[in-house]
Amino acid sequence: DAGVTQSPTHLIKTRGQQVTLRCSPKSGHDTVSWYQQALGQGPQFIFQYYEEEERQRGNFPDRFSGHQFPNYSSELNVNALLLGDSALYLCASSFLYNEQFFGPGTRLTVL
Amino acid sequence: QKEVEQNSGPLSVPEGAIASLNCTYSDRGSQSFFWYRQYSGKSPELIMSIYSNGDKEDGRFTAQLNKASQYVSLLIRDSQPSDSATYLCAVNDNTDKLIFGTGTRLQVFP
């Protein structure tokens, strides 16, 4: 049973560029949540997708957007990258309101 | 602002000892509580979940919840060097959004 997968593993971008991160949930899961984890901090909730809709959103600017596809996979898009966007981006999947399981993450470096 | 507080550590314990990790939370409406383990450079791994007051045991791990005191803890018995990691406490207020603490770094020395 495959767990949560994310791609790419690492990414280097320059300020002002745009990036797309991808996530495939664990088999049987229908909800995908995205988190940002800065060095030395706990993950911060960005948003959550269920039934292809954004169900709730954390305190992140509109530069952060997402999408969920009919197969439950999801994308996180970040526009106009800032140096402060450098972080580990984590995708977590769950079924209804149950436990969330994280993927390996995408390490984004903005230069 | 809903908050989850943890001592950042490091918490150093000798091999074979009991490690005690603590977490407090601010939102009395919180319903679900989780402990994740995160090794350096890796993603968080769920190790315990607890939903009602009292203790929940799973192998060497015991989670304890006291909703009246807004306190949740994790005990690791017979600590091993492989337990050395950062332990993240997370709280869910039933909106299915996890709020994390900053984590406690645990070091188990031989």
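Quick caveat, the model's predicted, so the values are computed rather than measured. (Residues numbered from 1 in each chain as written. Chains lettered and ligands numbered in written order. Predicted model: local features only at pLDDT ≥ 70, side-chain atom pairs only at ≥ 80, totals over all residues. Heavy atoms only, no water.)

**What about the sheet that holds strand β7 (residues 61-66) of chain B?**
All names here are of chain B. Rule in force here: Two strands make a pair as long as DSSP finds a minimum of two bridges between them. We count a stretch as a helix when DSSP gives it H or I for four or more residues in a row; a strand needs E for two or more, and each element gets its number in order from the N terminus.
An order of β1-β3-β8-β7-β6 is seen for the five strands of this open sheet, with the pairing classed as antiparallel. The open sheet terminates on both sides in strands that have one partner only, identified here as β1 (4-5) and β6 (54-58). Two strands pair when backbone bridges link them, and β7 and strand β8 (residues 71-76) are joined in this way by six bridges, in the antiparallel orientation. Looking at the pairing, Thr62 lines up with Leu75 of β8.

**Section: the state of the cysteines**
Residues and elements named next belong to chain A. Stated formally: Pairs of cysteine sulfur atoms within 2.5 Å are identified as disulfides in what follows. Exposed residues in this analysis have more than 50% of their type's maximum accessible area, buried residues have under 20%, and partly exposed residues fall in between, with area computed by a 1.4 Å probe over protein chains only.
Counted under the stated rule, the structure contains two disulfides over all chains. Covalent S-S linkage joins Cys23 and Cys91, the inter-sulfur distance amounting to 1.8 Å. In this structure the cystine formed by Cys23 and Cys91 twists about its S-S bond by roughly -50°; its chirality is therefore left-handed. Placement of the pair is Cys23 in strand β3 (residues 19-24) and Cys91 in strand β9 (residues 87-94), with a sequence separation of 68 residues. With respect to class, Cys23 is no different from Cys91; both count as buried.

**Some remarks on empty space enclosed by the protein**
The test is simple: Grid points spaced at 1 Å and placed over the protein atoms alone form the basis of the search, with a cavity being a set where a 1.4 Å probe fits but cannot get out and a pocket an open set showing protein on both sides within 12 Å along at least five of seven lines. Lining residues have an atom within 4 Å of a point. Grid points are joined across faces, edges and corners, and a volume is the space filled by probe spheres set on the points. Only Asp, Glu, Lys and Arg are considered charged in this grouping, and only Ala, Val, Leu, Ile, Met, Phe, Trp, Tyr, Cys and Pro are considered nonpolar; every other residue, Gly among them, is considered polar.
Applying the stated criterion across every chain yields a total of one cavity of 30 Å³ or more. One number sums up the size of the largest cavity: a volume of about 50 Å³. Classifying every residue of the lining of the largest cavity by side-chain character gives four nonpolar, two polar and four charged.

**Some thoughts on the interface of chain B and chain A**
Stated precisely, the cut-off is as follows: Contact between two residues is taken to exist if any of their heavy atoms lie within 4.5 Å; hydrogens are not considered. Simply put, the buried area is the total loss of 1.4 Å probe accessible area from both parts when two parts are fitted together. Any Lys or Arg side-chain nitrogen located within 4 Å of an Asp or Glu carboxyl oxygen qualifies as a salt bridge. Any pair of N or O atoms that falls within 3.5 Å is considered a polar contact. Within protein, one atom must be able to donate a hydrogen and the other to accept it, and sequence-neighbouring residues count only if both atoms are side-chain atoms.
Taken residue by residue, the interface counts 18 residues in chain B and 24 residues in chain A. Together, the buried faces of chain B and chain A total about 1500 Å²; carbon and sulfur atoms form 51% of this surface. Taken together, chain B and chain A are joined by zero salt bridges. Scanning the region where chain B abuts chain A turns up five residue pairs in polar contact (both at pLDDT 80 or more). For the side of chain B that touches chain A, the secondary structure elements donating two or more residues are β4 (32-38), β5 (45-50) and β10 (98-100) of chain B. Broken down by class, the residue content of the side of chain B that touches chain A amounts to eight nonpolar, seven polar and three charged.

**Re unusual backbone geometry**
In this model, Ser7 of chain A is joined to Pro8 of chain A through a cis peptide bond whose omega is -10°. Note the cis peptide between Gly9 of chain B and Pro10 of chain B, where omega equals 10°. Assignment of secondary structure puts Pro10 of chain B in the loop between β1 and β2 (11-14). Positive phi, close to 80°, is recorded for Tyr72 of chain A, a residue that is not glycine. Of note, Tyr72 of chain A is situated in the loop between β7 (64-68) and β8 (74-78). In the Ramachandran plot, Gln70 of chain B falls in the positive-phi region, its phi being about 55° despite a non-glycine side chain. Structurally, Gln70 of chain B can be placed in the loop between β7 and β8. The exposure class of Gln70 of chain B is buried, given its relative accessible area of 13%.

**What about the pattern of salt bridges?**
All names here are of chain A. For the coordinates displayed, the defined rule picks out seven salt bridges over all chains. A salt bridge links Glu75 to Arg22, with the shortest nitrogen-to-oxygen separation between them at 3.4 Å. On the criterion of sequence distance, the pair formed by Glu75 in strand β8 and Arg22 in strand β3 is long-range, its members being 53 residues apart. Relative accessible area serves as the criterion here: at 42%, Arg22 is assigned to the partly exposed category.

**Points about the sheet that holds β7 of chain A**
Residue and element names in this part refer to chain A. What counts is decided by this rule: Axis angles are defined between N-to-C directions and span 0 to 180 degrees, where every axis is a line fitted to C-alpha atoms and, for a helix, only to the segment in contact.
Ordered by their spatial adjacency, four strands build an open sheet running β1-β3-β8-β7, and the pairing between neighbours is antiparallel. Both edges of this open sheet fall to β1 (5-7) and β7, since each of them pairs with a single strand only. For this sheet, the mean inter-axis angle between neighbouring strands, taken without regard to orientation, is 20°. Both β3 and β8 contribute to a ladder of five bridges, which runs antiparallel.

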